[in-house]
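Descriptive analysis of the structure
Residue strings, one per chain:
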Amino acid sequence: MTEHILQVDALTMRFGGLTAIDDLSFAAPAQSVTSIIGPNGAGKTTLFNCITGFYKPTTGAVRLFHPVRGETPLERLASYRVARDAQVVRTFQNIRLFPKMTVLENLIVAQHNPLQNASVFSLAGLFKLAGYRRAETLAIEKAMHWLARLGLTEFADIAAGALPYGTQRRIEIARALCVDPVLLCLDEPAAGLNPRESAALNELLIHLTRDEDIAVLLIEHDMSVVMKVSDHIVVLNYGRKIAEGTPTAVQNDPQVIKAYLGEEEAAA
């Protein structure tokens, strides 16, 4: 298997006269956290949308190296197939839970593909046949596993929309994990988390890459999270890559400092 889980080659995304992503290339290592950082408007979420099938790139290629299926050209797949077939799953900046469903129901709904297959056109589900009951039990067990892993078990029977923002953020991650991703794309997962929750998120991301063989692609503005968990960082500014490397290398890169802090006025 390749040492990379994802390869982005000469990716460009234009919206009319606006170039949101400009000839971007990078590789995300397998079993690692790769962070995509940059100022607001740098093109980070547009990049996620291209990777996960919500946008079709103007030019360029996005290739996933699946551990079982091999190389998959993600830019050719519809968004539902990116999640279902390629097992590339994402969360969003804006929370997209089903607010009136319980937390447990949100995680079970995420597993609709295996449940639908087991239902045999709804007949097995309607009559509660053994195969469907088994699939339903497995779905509940998987949901409860990730709820426990993210410290959410106590909220299982509470409507998701009634819970605090930071808790809903963690529920979104748990729901994404129920899809068995090989690449988990997290868009600002630390937003709204308190310091204790941020520390737990750091520990979870490291656990996923080291122990669960899940690669993580992370967009995050909280540099305390980025620098603690990242194995590899790609820095964007105005849609172009301005730096790439380890946290230490990126932190000390003059172009990164300039993009985040601006240049000092020249002395008169």
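Before reading further, recall that the structure is shown in the block above.
The sections below set out a description of the structure shown in this document. (Residues numbered from 1 in each chain as written. Predicted model: local features only at pLDDT ≥ 70, side-chain atom pairs only at ≥ 80, totals over all residues. Heavy atoms only, no water.)

Quick notes on the overall build of the chain
Each helix and strand counted, the chain has 11 helices and 10 strands in total. Of all 268 residues assigned to the chain, the portion counted as buried reaches 50%. Within the chain, residue pairs in contact and separated by at least 24 positions form 66% of the contacts whose partners lie at least 6 positions apart. Accessible area for the chain stands at about 13200 Å²; split by element, carbon and sulfur atoms hold 54% of it. (Helix = DSSP H or I, 4+ residues; strand = E, 2+ residues; numbered from the N terminus. Buried < 20%, exposed > 50% of the residue type's maximum accessible area, 1.4 Å probe, protein only. Contact = heavy atoms within 4.5 Å. Areas by Shrake-Rupley, 256 points an atom, 1.4 Å probe, with all protein chains shown as cover.)

Overview of the environment of F26
Summarising the element assignment, F26 is placed in strand β2 (residues 18–29). Taking the C-alpha atoms as reference points, F26 and V234, 208 residues apart in sequence, are found 7.7 Å from one another. Not counting chain neighbours up to four residues away, the residues in contact with F26 comprise L6, Q7, V8, I36, L47, L217, V234 and E244.

Quick look at the pattern of salt bridges
Side-chain pairs of opposite charge can arise whenever the charged atoms involved come near each other. In this structure the tally under the stated criterion is 12 salt bridges. In this structure, R149 and E203 form a salt bridge, with 3.0 Å as the shortest nitrogen-oxygen distance. On the criterion of sequence distance, the pair formed by R149 in helix α6 (residues 130–149) and E203 in helix α8 (residues 195–211) is long-range, its members being 54 residues apart. Of the residues examined, R149 reaches a relative accessible area of 25% and is grouped as partly exposed. Residue class for E203 comes out partly exposed when judged on its relative accessible area of 42%. (Salt bridge = Lys/Arg side-chain N within 4 Å of Asp/Glu carboxyl O.)

With respect to the pairing of strand β5 (residues 70–73)
In this structure, strand β4 (residues 59–66) lies alongside β5, joined through four bridges in antiparallel fashion. From the neighbouring strand, H66 faces β5, where its bridge partner is G70. Linking β4 back to β5 in an antiparallel pair, the connection comprises three residues. (Pairing = 2+ DSSP bridges.)

Here's the deal with α8
The first and last C-alpha atoms of α8 sit 24 Å apart over 17 residues, in line with the 24 Å expected at 1.5 Å per residue. Residue N194 occupies the N-cap position of α8, its side-chain oxygen lying 3.1 Å from the main-chain nitrogen of R196. Backbone geometry just downstream of α8 places D213 in the positive-phi region, at approximately 60 degrees. (Expected span 1.5 Å × (residues − 1). Polar contact = N/O pair within 3.5 Å; in protein donor to acceptor, adjacent residues only side chain to side chain.)

Remarks on the nonpolar core
Ranked by size, the top nonpolar core spans 35 residues in total, and within it V103, L107, L150, L177, L205, L208 and L218 carry the most contacts. Listing elements by their share of this core, those giving two or more residues are α3 (103–109), α6, α7 (165–177), β7 (183–187), α8, β8 (215–219) and α9 (223–229). Sorting elements by how many residues they give to this core places α7 first, with five residues. Those residues in contact with V103 that sit more than four places away from it in its chain are L147, F155, A156, I158, A160, L163 and I171. (Core = buried A, V, L, I, M, F, W, Y, C linked by side-chain atoms within 4.5 Å.)

Scope: geometric values only; no functional claims are made or implied.
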